[in-house]
Amino acid sequence: MPTPEEFMRDYLREHIEAEKRELASRAPFREKFFTGECYFDSRKGTLEAWESEKIASVSSSDTGAIAITELIRKLHSRVLHQKHRYHLQLEGNRWRIQCVDSNCIICKGEAVKITCRFCHGTGWRSGNPGTTDADARDE
């Protein structure tokens, strides 16, 4: 059975390959309906962002793991440093991603602004609609 870190390395590699296939399959559609200058619906910068995603830390227990990754997104002329928190669940002999949280765009993952309307002081925005702020604080 792979370790959570090995699972995440496989996931990141295969995620990039899936994004490349997606972009290639969309190319004829884009060429038919959009000029080269139109960025609407182009997914511009998405592949580069996923290629920049690196594992920052992994912590695990007998039944689960948390993997934190860091990536760089370019939005127009701005460079955004983003973090994802992957909640991994052990199912039989394999790991599966249960949900993915993103660092708060207001708090920037610092978890210091208790009045933050996005994360309520947790520093994370939950990727699961059923996850509460208290769940995020427990991590």
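Keep in mind it's a predicted model, so treat the numbers as computed, not measured. (Residues numbered from 1 in each chain as written. Predicted model: local features only at pLDDT ≥ 70, side-chain atom pairs only at ≥ 80, totals over all residues. Heavy atoms only, no water.)

Let's shift gears to the state of the cysteines. Across all of its chains, the model carries 0 disulfides by this definition. Its sulfur unpaired, Cys104 is 3.5 Å from the next cysteine sulfur, which belongs to Cys116. (Disulfide = S-S within 2.5 Å.)

Bringing the environment of Arg117 into the picture now. With respect to the helices, strands and loops of the structure, Arg117 is situated in the loop between β4 (94–103) and β5 (124–125). In this structure the C-alpha to C-alpha distance between Arg117 and Ile106, which are 11 residues apart in sequence, comes to 8.6 Å. (Helix = DSSP H or I, 4+ residues; strand = E, 2+ residues; numbered from the N terminus.)

Of the pairings in the sheet, the one linking strand β1 (residues 54–60) to strand β2 (residues 64–75) comprises 6 bridges and is antiparallel in character. Following the sheet pairing, Lys54 is matched in β2 by Glu70. Hairpin connection, β1 to β2: the antiparallel pair is bridged by 3 residues. Relative to strand β3 (residues 78–91), β2 runs antiparallel, the two sharing 12 bridges. The partner of Ala67 across the bridge, within β3, is Tyr86. Between β2 and the antiparallel strand that follows it, β3, lie 2 residues; His76 among them carries a positive phi value of about 55°. (Pairing = 2+ DSSP bridges.)

So, about the nonpolar core. If you look at the biggest cluster of nonpolar residues, it comprises 8 residues: Phe7, Met8, Leu12, Ala65, Ala67, Tyr86, Leu88 and Trp95. Those elements that provide at least two residues to this core are α1 (4–33), β2 and β3. In terms of residue count, α1 provides more of this core than any other element does, 3 residues in total. Apart from residues lying up to four places away in sequence, Leu88 is in contact with Pro4, Phe7, Met8, Thr63, Gly64, Ala65, Trp95, Arg96 and Ile97. (Core = buried A, V, L, I, M, F, W, Y, C linked by side-chain atoms within 4.5 Å. Buried < 20%, exposed > 50% of the residue type's maximum accessible area, 1.4 Å probe, protein only. Contact = heavy atoms within 4.5 Å.)

As enumerated under the stated definition, the model contains 4 aromatic pairs in all. An angle of 65° between the planes, with centres 5.4 Å apart, marks the rings of Tyr11 and Tyr86 as edge-to-face. Here the residue Tyr11 occupies a position in helix α1, and Tyr86 occupies one in strand β3, the gap between them amounting to 75 residues. Classification of Tyr11 by relative accessible area gives partly exposed; the value is 23%. Both rings, one in Phe29 and one in Phe34, keep their centres 6.1 Å apart while their planes meet at 70°; by these two values the pair is edge-to-face. Positioned over the ring face of Phe34 is Arg30, at 4.3 Å from the centre of the ring. Here the guanidinium or amino end of Arg73 rests over the ring plane of Trp50, the centre of that ring lying 5.2 Å away. (Phe/Tyr/Trp six-rings, centres within 6.5 Å; stacked < 30°, edge-to-face > 60°. Lys NZ or Arg CZ within 6 Å of the ring centre and 35° of its normal.)

Take the side chain of Thr69 next. Structurally, the position occupied by Thr69 is in strand β2. For Thr69, a relative accessible area of 0% gives the class buried. Engagement of the side chain of Thr69 in a polar contact is seen with the side chain of Glu53, the distance being 2.6 Å. Leaving out residues up to four positions away in the same chain, Thr69 has contacts with Met8, Glu53, Lys54, Ile55, Ala56, Gln82, Lys83, His84 and Tyr86. (Polar contact = N/O pair within 3.5 Å; in protein donor to acceptor, adjacent residues only side chain to side chain.)

The strand order β1-β2-β3-β4-β5 describes an open sheet built from 5 strands, whose pairing is antiparallel. The open sheet is flanked by β1 and β5, the only strands paired with a single partner. Of the pairings in the sheet, the one linking β4 to β5 comprises 2 bridges and is antiparallel in character. Paired with Asn103 across the bridge in β5 is Trp124. Strands in contact with α1 are β1, β2, β3 and β4; relative to β1, the strand with the most contacts, it is inclined by about 145°. (Axes fitted to C-alpha atoms, helices over the stretch in contact; angles between N-to-C directions.)

Read these as layout, nothing more, since geometry by itself doesn't imply function.
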